[in-house]
Amino acid sequence: FEDIFEKYRNVQVKIGEIGGIDFAKKEVRTDTEKINYDFLILALGSQTNFFGIHNLNEKAFELKSLNDVLNIRAALEEEFASSGKQEKISIVIGGGGFTGCELAGELASSARLLAKRYGHPVENFSIVILEGSDRLLPSAHPWISEKAKIRLESLGVRVQLGSLIVDVPSPASGGAGGEAILKSKPPQPYHLLIWTAGVGANSLAEDARGLKLGKNQCVAVDQNLRTLSYPDVFVIGDLAYCVAPGAKVPLPMTAQVAIDQGHYAANYIASKLGGSTSADFHPKIWRFLVPLGGKYALADLGKIRLAGFVPWAMKRFAALRYFLSILPFRKALRLWWRGLRIFTQND
């Protein structure tokens with residue numbers, strides 16, 4: 001935050017936990033103080049949704065924060081370090097969406113490096129994706145879905161489609177592993193279970209009185225991204241239940257949509273303070289790039305779809321463009337280069 005806002009003297013960053021919001025008094029309560037506002041923008045993001053599946057939140061690792069990633073890494077290394085060479089290690093990923101597929105692609109390389117480090121035969125560990133629908137990346141074009149399946153299988157990832165997790169019972173031995181119970185299919189044993197299939201709005205939305213909620217407890221907004229009850233309160237990002245004009249489903253929970261909404265909300269408030277009006281929010285038609293291990297990615301650019309190194313390079317330059325938009329040039333380049341090294345060290 002200091003790097004991003006150091007050149008803006010009128011921006012003050014406060015670190016704290018929100019304890020509640022009083023919309024009538026225009027007041028946000030944190031764990032240390034009360035802050036009054038003229039305009040409030042809620043961009044609190046999402047949290048993992050376990051859909052009420054028994055024991056899933058206790059047995060599965062989440063993938064929402066840096067700590068989650070470090071926990072997965074530590075657990076994975078511990079499995080290879082503590083397991084005998086002839087013991088089979090099963091890594092199961094619940095969800096074949098963008099997060100699950102990208103994670104599987106990275107794990108395929110990093111797990112091989114760990115297996116080599118601890119003298120564990122490659123054939124004695126497996127990575128399995130459990131996807132409830134009939135194809136990977138169900139929101140993408142079928143061509144992208146098929147290419148993703150081919151790519152991941154070429155890396156040794158086993159893809160199980162039509163596999164819905166309905167229960168994760170505690171093992172009789174009390175160990176860390178167990179098995180995931182699937183609907184209409186045999187159970188899937190695991191040593192490490194990672195859940196990437198569920199996203200819901202930040203729980204604060206449920207606690208804030210007066211907000212109308214939509215699907216996944218997201219906050220319903222109007223054509224200007226304002227809450228339906230309070231026109232001086234904006235909601236953007238994963239927390240917003242925003243349906244584009246003419247669409248039947250809400251906008252996806254992606255970084256691109258959140259950035260687009262952030263620009264709009266800022267410009268809307270600036271226009272209102274200047275006494276002018278703004279047009280309604282019309283989201284851009286966002287395309288996507290999804291890396292799948294190594295220097296390989298898939299790109300959907302509308303009429304053009306690509307697979308291989310070119311979209312991987314496009315993904316990396318998209319990251320550089322983002323860093324340049326929020327950081328000074330040298331800091332952005334240094335951060336991007338460090339990230340590039342991390343992304344390629346498992347290849």
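Residues numbered from 1 in each chain as written. Predicted model: local features only at pLDDT ≥ 70, side-chain atom pairs only at ≥ 80, totals over all residues. Heavy atoms only, no water.

Structural notes on the overall build of the chain
The helix and strand tally for the chain stands at 9 helices and 19 strands. Over its C-alpha atoms the chain spans a radius of gyration of 22 Å, differing by no more than 12% from the 20 Å that the globule rule assigns to 347 residues. Each of the three principal axes of the chain carries a C-alpha extent, and together these read 70 × 45 × 40 Å. The buried share among the 347 residues of the chain stands at 41%. Taking all contacts inside the chain whose residues are at least 6 apart in sequence as the whole, residues at least 24 apart take part in 57%. Placing the 41 positive and 34 negative side-chain charges of the chain at their respective mean positions leaves the two points 7 Å apart. (Helix = DSSP H or I, 4+ residues; strand = E, 2+ residues; numbered from the N terminus. Rg over C-alpha atoms; globule rule 2.2 N^0.38 Å. Buried < 20%, exposed > 50% of the residue type's maximum accessible area, 1.4 Å probe, protein only. Contact = heavy atoms within 4.5 Å. Lys, Arg positive; Asp, Glu negative; His and termini not counted. Charge placed at Lys NZ, Arg CZ, Asp CG, Glu CD.)

Some remarks on the state of the cysteines
A disulfide bridge is the covalent bond that connects two cysteines by way of their sulfur atoms. Within the structure shown, the criterion is met by 0 disulfides. Cys-242 provides the cysteine sulfur closest to Cys-218, a residue in no disulfide bond, and the two sulfurs are 11 Å apart. Overall, the relative accessible area of 2% leaves Cys-218 in the buried class. (Disulfide = S-S within 2.5 Å.)

Remarks on the side chain of Gln-188
Looking at where Gln-188 falls in the secondary structure, it is placed in strand β11 (residues 185–190). Apart from the residues within four sequence positions on either side, Gln-188 is in contact with Ser-90, Val-92, Val-128, Leu-130, Arg-158, Gln-160, Gly-178, Glu-179, Ala-180 and Leu-182.

A look at the nonpolar core
Formed by 34 residues in total, the largest nonpolar core has its most connected members in Phe-80, Ile-91, Leu-107, Ile-127, Leu-136, Leu-152 and Leu-292. For this core, the secondary structure elements donating two or more residues are α3 (66–82), β6 (89–94), α4 (98–117), β7 (125–131), α5 (142–154), β8 (157–161), β12 (192–195) and β17 (288–291). For this core, the element with the most residues is α4, which contributes 8 residues. Among all residues touching Leu-152, those that are not within four sequence positions of it are Cys-101, Ala-104, Gly-105, Ile-129, Leu-136, Val-157 and Leu-292. With 30 residues, the next largest nonpolar core counts Leu-239, Val-257, Ala-265 and Tyr-268 among its residues. (Core = buried A, V, L, I, M, F, W, Y, C linked by side-chain atoms within 4.5 Å.)

With respect to the environment of Gln-12
Mapped onto the elements, Gln-12 comes out in the loop between α1 (2–5) and β1 (18–22). On the basis of relative accessible area, Gln-12 is assigned to the exposed category, the value being 64%. Considering only alpha carbons, one finds Gln-12 and Pro-283, 271 residues apart in sequence, at a separation of 29 Å.

What to know about the sheet that holds strand β18 (residues 297–300)
The sheet built from 3 strands is open, its strands ordered β17-β18-β19 with antiparallel pairing. Pairing within the sheet leaves two strands with one partner each, and these edge strands are β17 and β19 (305–308). On average, each strand axis in the sheet is tilted by 10 degrees relative to the strand beside it, whichever way the strands run. Direction of pairing for β18 relative to β19: antiparallel, over a ladder of 4 bridges. Paired with Asp-300 across the strands is Arg-305, a residue of β19. Set on the sheet, α5 makes contact with β17, β18 and β19; between it and β18 the angle comes to about 180 degrees. (Pairing = 2+ DSSP bridges. Axes fitted to C-alpha atoms, helices over the stretch in contact; angles between N-to-C directions.)

A word on α3
An ideal rise of 1.5 Å per residue puts 24 Å on 17 residues; α3 measures up with 24 Å between its terminal C-alpha atoms. Against the buried residues of α3 lie β6, α4, β7 and β12. (Expected span 1.5 Å × (residues − 1).)

Re the side chain of Asp-232
Mapped onto the secondary structure, Asp-232 falls in the loop between β14 (219–220) and β15 (233–235). Residue contacts for Asp-232: discarding those within four places in its chain leaves Lys-26, Asp-38, Phe-39 and Leu-40.

Notes on the pattern of salt bridges
Evaluated as defined, the whole model comprises 9 salt bridges. Of the charged contacts in the structure, one is a salt bridge between Lys-331 and Glu-6, with a shortest N-O distance of 3.8 Å. In this pair, Lys-331 sits in helix α9 (residues 329–344) while Glu-6 sits in the loop between α1 and β1, placing the two residues 325 residues apart along the sequence. Assessed through its relative accessible area of 26%, Lys-331 is described here as partly exposed. Here Lys-26 and Asp-232 are joined by a salt bridge, their closest N and O atoms 2.9 Å apart. Linking Lys-26 in the loop between β1 and β2 (27–30) with Asp-232 in the loop between β14 and β15, this pair joins segments that are 206 residues apart in sequence. Judged by its relative accessible area of 30%, Lys-26 falls in the partly exposed class. Through salt bridges that share partners, Asp-3, Glu-6 and Lys-331 make up one connected network. (Salt bridge = Lys/Arg side-chain N within 4 Å of Asp/Glu carboxyl O.)

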